[in-house]
Each structure stands twice: as C-alpha cells, then as structure tokens.
Number of protein chains: 2
Amino acid sequence: MSTEFEVARLSSADADFEERLDALLAWESVSDTRVQHSVDEIIAAVRQQGDAALLEYTRRFDRLDAGSMAELSLGSQRLAEAFERIDSQQREALEVAAQRVREYHQRQKPTSWQYAEADGTVLGQQVTPLDRAGIYVPGGKAAYPSSVLMNALPAHVAGVGEIVMTVPTPGGVINDLVLAAAHVAGVERVFTIGGAQAVAAMAYGTESVPRVDKIVGPGNIFVATAKRAVFGQVGIDMIAGPSEILVVSDGSTDPDWLAMDLFSQAEHDEDAQAILVSWDEAHLDAVQDAMQRLLPTLEREPIARASIAARGALIACRDQAEAIELVNRIAPEHLELSVGNPEELLPMVRHAGAIFMGRYTSEALGDYCAGPNHVLPTSGTARFSSPLGVYDFQKRSSIIHCTAESASQLGKTASVLARGESLTAHARSAEYRMRD
Amino acid sequence: MSTEFEVARLSSADADFEERLDALLAWESVSDTRVQHSVDEIIAAVRQQGDAALLEYTRRFDRLDAGSMAELSLGSQRLAEAFERIDSQQREALEVAAQRVREYHQRQKPTSWQYAEADGTVLGQQVTPLDRAGIYVPGGKAAYPSSVLMNALPAHVAGVGEIVMTVPTPGGVINDLVLAAAHVAGVERVFTIGGAQAVAAMAYGTESVPRVDKIVGPGNIFVATAKRAVFGQVGIDMIAGPSEILVVSDGSTDPDWLAMDLFSQAEHDEDAQAILVSWDEAHLDAVQDAMQRLLPTLEREPIARASIAARGALIACRDQAEAIELVNRIAPEHLELSVGNPEELLPMVRHAGAIFMGRYTSEALGDYCAGPNHVLPTSGTARFSSPLGVYDFQKRSSIIHCTAESASQLGKTASVLARGESLTAHARSAEYRMRD
C-alpha cells in the first residue's frame, strides 16, 4: 500500500552494502536533447531579439502579457514597499537572519596582499569584486525568501557594484516575502522573468536587462541547462542537484528530533535525500518508529513520504570511525554530527558542505539564520566545491613588479624554459631586459 | 600580399571605435554538434567499458597500439628518469621556476577559522584539500612543461592527496621535459592518453585510471567540450579561450621591447590576441615600425603574422584615464602596465588576470618563473574569474555549533521564516529545540 511507511535499512556488515549504497546515492540530472534544443533556441532568440524575445517567452511560459519590459521591472521603491507590507514578525525575522548572514560572510572577505623579495621584485594578489551579479530566483512553490538572502548577501558583502534579480511570476502572482528579502539583501532591480530566457538575458544583456558577470541561484532543468550553456560567457555557481542531509547519531539524541531533521530535508521534494547513520541499531529502530509516527502529522506528508521511500535510508555501521568513513565517501551537502563529542570528529571530516555540530544544531537553523550560507554543494560535489560565499563574488589579479635587476636575473630562467618550448619570442622578450 | 605587415590601428576618437573594438574582441569557441556528439559517445564508452575503451581510442586517435593500460602508465620512477635525462641548464631552470611558483602559492593558502558569539554559538569554516586532482596536458606542439608546473604545483601546495596527469603521446613520442616538469611538480602517476577519453577516465575512473575530484589544464575543442560535459561530476577549471595580452604604454618604453612583448603573445597561435594602448600616437607608430622590422626575424613568424593581422591592434586613446577604462572593459588575461607610475594605476584596475607592472616586467617572466600562476582567465572572463591557485584545489565546509540556549533563540527566527515558506518540518525541527 502506498501509505505504508517505507524506509531502506542498510548495514555496513551486509555483503551487498557497497552496491546498495551506490544505488542509493546514484543521482544524475538528465538534460535530454529536447530540453537542450529548446534552451539553445531560447538563448539564441534572446541574444538576437533582446527584450522582444523576453516579452514573447514570458507571454508563452508565464501566461503574462506585458506590453513592455517596464511592466516586468521592479525598482528599489517597489521592493521597499513589499518589505513594509509583510507582517512585522516576518520583517523582524528577515532582518535578524540578514544581519547574522552578513556578519558571518564579513569574515570570509579576503584581503589583497603584496610582498617584496630580497632583490626588489614585488609579487602580490589584488582582490576585486564583480561589477554586477545576477540572482536567479525560482517562481511558484520554490520561491524562497531565504534563498534571496543567501544568494544576494554574499554579493553585497563582497562589494559587488550592482545586484539584479530575476524571478518569474507566472500569471502575475508576486510573492511579497521574496521582494522583501530582496530589499533587505541589497538587490537593486528585479525583473519578473524566469527560465532559460532570464538566464540568457543576464548572460548577454538586452535593452532592459543589464549583462551581469555571474549568475547564481537554483532553478529547474531549463534554468540549469541554460546556466551550463552560458558558463564561460558569465560565471555561474554550481548546478545544484536535490538537497540532502546525512545525520550521524551516537544514539543519545531524541529520536523525534532526528526524525524531524530527516523530514525537514525530505519535505523539499521527492528527490531529496535523508540518511541517518548510527552504530546503535536499537536507536535506528527508535528513529524509524518516530518517523512512522510523525510522518502523518506533516503538512507536506506526501512529498516527505515519497522522498524517504525512494531515497532515504537508516544505515547501521560498526563504530564512529566507520561512520566518518561513510561521511567522507558520501560528501553530504548537510552533515549533522548529532553526537556528544562533535569537536573530536570535526578534523576527520574531509568532505561536507555544512557541518551541524551536536544535538542542538538542527539543519533548519543553518537554512535560515545561523549565519553560514545555505547554498551548498549537493550530490557529492562537496568533494571539490564549497558553500556559496563572498569569494564567489570576487576575483583575484596577480601582481608582478620586477626591477631592472630582478628582470635581468629572472630573464635567464625564463629564456631557458621558453627556448625549451620553442617559444622564442617569449625568450627574446625576456632577453631584451637582460643585462651583460 | 600575404607577407605585407598588417596590424589594425584604432583610435578612441573615431566614430566607429566602439563597433571596431567589439569586433576585435569578439570571440566565441564553437563546439559544433559533431564534436558534441562524438564527445558524448566517447564519455559513454569510457564509463561503460573503462580501460578497454581507453585502449581503443588511443589506438584510433593517437596511433598507439597498447596491449594494456600498463603500457600507457608511467610511475614516479619514470618521471625521475626523465628529469635526470634532460640537460642540466633545463633541470636548473625547472627547479628555479618550481621553487618560485611554490613560494608564491604558499601565500595563497587560506586557514580554517572559528569564532564564538556572545551566546556560545560557534561558527566557522574548515578548509580541506581535494583528495585527488587530475592534470590534463595537451600532446604534440602544445605540450608545455611550464603548464605542468603551473597546473600541478598549486595542487601540491594545497595538500591534494594525489596528483595524476594525462598527456597524449601520439605515435608514442614522449616529451621528456614534460615528464621532468611532472616530477618536479609532485605528480605521482602519468597516463599517456588524451582527448575526451582522458577527461572521461579522470571524471569517472576506470580499472586503471583513478577517479579524480577536479580536472584542470588546457586542451583542444574535444577536451574543452568533454570538460564542460563532466562539470558537476568533477570540478573543472575555466574553459580557456586563446591567450591575450593588453599592453598600456606611456610612450617611454623601448618600442622593440613592446613589439616583442606583443609577439610573445601572437606566436602562441593564430587566434591569440595582442593589443597595445597608448595616448602617444608617435609611440604607436614607432612600435608599429619595430613590429614590421622584427616580425621577419621570428622563428614562429607565420603564426605571429597571422595572429597580429587577424586579432592584433594598436589603439590610440585620449589619456591615461581612458586607457584604464579600456583595460576594465577588455578585462585582459595579461596586462602590462608599461608606464613610469604603475602603482598609481593599479588600484584603478578592476579586471585583469595578471598585471605586469612597469617597463621591465615582461609577460614572459610571469609565464615561466616569476611565481604567480600563468593559467589565467581569458576572453574577458577576468570580469568574474581568477588565476588558477591553491584555492582551486581546496574547498570549505561551514561549521555551526549551537548551544541549547542559542538553538532555542535562533529557533524562533528559523521557525518564522520556515513557516513563511510553508516548510513546516523545518520549522518543527527547530521548534523541538526551543525552550519555554
């Protein structure tokens, strides 16, 4: 029966454990040829026809018949109005969250540096912000004000010159909470467009939408495909897969708390993944019971149920060391170390987007207001990528300043290596600055 | 006549300047459907058949008939032998260059940090290296030992667990300088494979080639297309366009020096771009004369001539301020500030990969041995990206550690925002930890 509670139980002692774990973790976003073709067409149209293409696609895909882009543009005044319109408790929560996120991200700001070598050569690195960033915000059910904060605030802290945002408003329905968050996060202009056409507009610019230097923010398969296509023309953030959590419990955290932590991930969508690892089998049973009991009480019960059935798991492992091995193998987006000694485990964690330490730090706190970013590497990409941060909205330039003497000295090495590569104009350009 | 010297002369005062500049800078790498299709097929074959596919493609594309992957693998012993075999001057130059590059990159190492807030909440960021990095090195004419140093050393400094390298050896011809550079740079294993098949092997792993976490290094259109395709499965560096230099001269640098600096870029390939900007028209004439005189003396004259004719330019501008405006608009990979006061201009440079300060700092020094990386953002991507660096081989994990008290306090904000997004399991997971 479809309402029967289902969750996979695995044990690292099982002969087929590796195989089952691989199957559980397998995820590949499929961008089929049809999507690819459609996205290519949309990008080409926006590049050629600019605003006219945006109006046409918005009419077609968002059922919104605008006569000009002015009707699809919201200035800072409109964002401030939205902020005034939402209820005071939400206003305060947004401000508290924004303040905390801002303070954390301030700590990420790198500084430019230079140093002089003994012979007078000065080397260094100059850090500068992007001129303009574009935030893509999905419309409809996935329009999250917290995402606006998390995407725009690092850009703001980085010193980005201008932050623009696009958010589709299918049928013209505008989410005031989203606009209020944009106001709080320093967004200057919002365009109520979405899909591949919004990505194309920000990547190449149109008469109304300014070209940005980097596009960040989540989106559906059309948005993800478009971001991949414009990568290089502009910078992009990671292409996100479904959200996931891995909880490691030592058996002493309240099973209800853990069940709800798993559900908080599972309620996102059917593809979301929630996994609990423990070396205490009885504890896994207790969490399973709690899940079974609490599931029917969830507002988003059907989604959470489907997600847990398809991609959730309770995994029994040998001991704490093996749990950490699993962490590093899975490289989870969110990792809860629901244990008494999280500080001891922390240095052994090599791959994870965000680490929630101890029994009290639920992922939800990090999703909204603890301070660190909630845009995190999914699907094992924490092996090689980082949370969205200030560093995503800045870039570095190398600085090299030779004196006449040091250019002469370095020229010798450059000349030998350039000639070894048969790049003799390189060699000669260095040799011109050599003395003797 | 094709041997007539040709270089575009532009002036910012011309009515059609903007248009001509846009045309000059326009660059788009074209990955046609045929390449895309072929790359998709190769990736699928390597994923399904592993080593067998690598052997088959190497036979087909590199005319190299190996019976097993063992014949296409070189261990650290073989790399050390290559190092002993090259001439002593080259050995010394490689070591000097490696030492300087290592020292510069040491300065880029970020540190993990944590801080405690008044209520006991600990927030932080843990920095960890990648487990394994893969360096793609092109074969044939573009096999540059300096590229091996520049790609592998930042990984080594970052503390990457293992560095593997692929370099195609068409017809079985091995470049000892390249292997010697790999030895110096801390590469552990080399596979003599190339093309999309090498990228696929490193991205997914085969029986012999270990899966890596990030692939860096330049390559032809097949390699670039394959990197774009596996992006997400592994990390990749930027997809590089042709190399470019922008020189700003105040008129007092020897025209022969500047001509050779421009040629050092132009000799790379026909698509390379070399541009000189000055507010001194007579100086531009002098450099043009020097170019005309020196061009026939170049070993790679036909390439440099074609590059200068197709994409080179001497641009007259109004003054220093306008020159800097052009710099920021072009966002060059290499910027030479061949002026008497480079320190004054530096803070105004917003976008450039590497900045070569003053008359003595030729780009060639930075290409080989000054210390900073020579893998730099091309085609204007310095607007949003950075030189390859230690930061490309490390990633960050956010740390959040709440106390019972701070979880209770933060839970209030999280609960309001989560309910505003209708994510009630998020809200309840935070509320469980609230007191009162």
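Residues numbered from 1 in each chain as written. Chains lettered and ligands numbered in written order. Predicted model: local features only at pLDDT ≥ 70, side-chain atom pairs only at ≥ 80, totals over all residues. Heavy atoms only, no water.

Examining the sheet that holds strand 5 (residues 132–136) of chain B
Residues and elements named next belong to chain B. Taking strand neighbours across the sheet as the criterion, the six strands line up as 2-7-6-5-8-9 in an open arrangement whose pairing is mixed. What marks the edges here is a single partner per strand, and that holds for strand 2 (73–74) and strand 9 (235–236). Two elements, strand 2 and strand 7 (residues 189–191), share two bridges in a ladder whose sense is antiparallel. The residue bridging Leu74 from the neighbouring strand is Val190, located in strand 7. (Pairing = 2+ DSSP bridges. Helix = DSSP H or I, 4+ residues; strand = E, 2+ residues; numbered from the N terminus.)

Points about the UniProt feature "binding site: substrate" (unreviewed entry) in chain A
Mapped onto the present numbering, the UniProt feature "binding site: substrate" (unreviewed entry) falls at Ser243(A), Gln265(A), His268(A), His334(A), Asp367(A), Glu421(A) and His426(A). Sequence-wise these annotated residues cover 184 residues; spatially they are dispersed, their C-alpha atoms as much as 55.6 Å apart. With respect to the helices, strands and loops of the structure, Gln265(A) is situated in helix 10 (residues 255–266). Checked against the element boundaries, Asp367(A) lands in helix 15 (residues 363–368). In this structure, Asp367(A) is in contact with Ser146(A), Met150(A), His334(A), His374(A) and His426(B), ignoring residues within four places of it in sequence. (UniProt positions renumbered as here; feature names shortened; annotations may be inferred. Contact = heavy atoms within 4.5 Å.)

Re the interface of chain B and chain A
With 122 residues of chain B in contact, the opposing surface of chain A contributes 122 residues. In total, about 10900 Å² of surface goes out of reach between chain B and chain A, with carbon and sulfur atoms giving 56% of it. Its largest share of buried area at the contact with chain A, chain B owes to Arg383(B), Ile400(B) and Arg433(B), together 7% of the area lost on that side. Taken together, the connections running from chain B to chain A amount to eight salt bridges. The element best represented in the side of chain B that touches chain A is helix 16 (residues 404–420) of chain B, accounting for 10 residues. Of the residues belonging to the side of chain B that touches chain A, the class tally is 60 nonpolar, 36 polar and 26 charged. (Buried area = accessible area lost by both parts, 1.4 Å probe. Salt bridge = Lys/Arg side-chain N within 4 Å of Asp/Glu carboxyl O. Nonpolar A, V, L, I, M, F, W, Y, C, P; charged D, E, K, R; others polar.)

Overview of the UniProt feature "binding site: NAD(+)" (unreviewed entry) in chain A
Residue and element names in this part refer to chain A. Here, the residues flagged by UniProt with the feature "binding site: NAD(+)" (unreviewed entry) are Tyr136, Gln197 and Asn220. Taking the farthest pair of C-alpha atoms as the criterion, the annotated set spanning 85 residues converges on one region, since that pair is 12.6 Å apart. Within the secondary structure, Tyr136 sits in strand 5 (residues 132–136). Classification of Tyr136 as buried rests on a relative accessible area of 4%. In this structure, Tyr136 is in contact with Thr166, Pro168, Gly194, Gly195, Ala198, Val199, Met202, Val216, Gly217, Pro218, Gly219 and Val223, ignoring residues within four places of it in sequence. A polar contact is formed between the side chain of Tyr136 and the backbone nitrogen of Gly195, at a distance of 2.7 Å. (Buried < 20%, exposed > 50% of the residue type's maximum accessible area, 1.4 Å probe, protein only. Polar contact = N/O pair within 3.5 Å; in protein donor to acceptor, adjacent residues only side chain to side chain.)

Topic: the packing of helix 16 (residues 404–420) of chain A against helix 17 (residues 424–431) of chain A
Residues and elements named next belong to chain A. Closest axis-to-axis distance for the helix 16/helix 17 pair is 8 Å, and the angle between their directions is 165°. As the angle between them shows, helix 16 and helix 17 are arranged roughly antiparallel. When you trace helix 16 past helix 17, the crossing you get is left-handed. Only Thr424, His426, Ala427, Arg428, Ala430 and Glu431 of helix 17 make contact with helix 16, whose side of the interface consists of Gly411, Ala414, Ser415, Ala418 and Arg419. Class assignment of the residues belonging to the contact of helix 16 with helix 17 gives a composition of four nonpolar, four polar and three charged. (Axes fitted to C-alpha atoms, helices over the stretch in contact; angles between N-to-C directions. Parallel < 35°, antiparallel > 145°, perpendicular 65-115°, else oblique. Left-handed = near helix turned anticlockwise from the far one by under 90°.)

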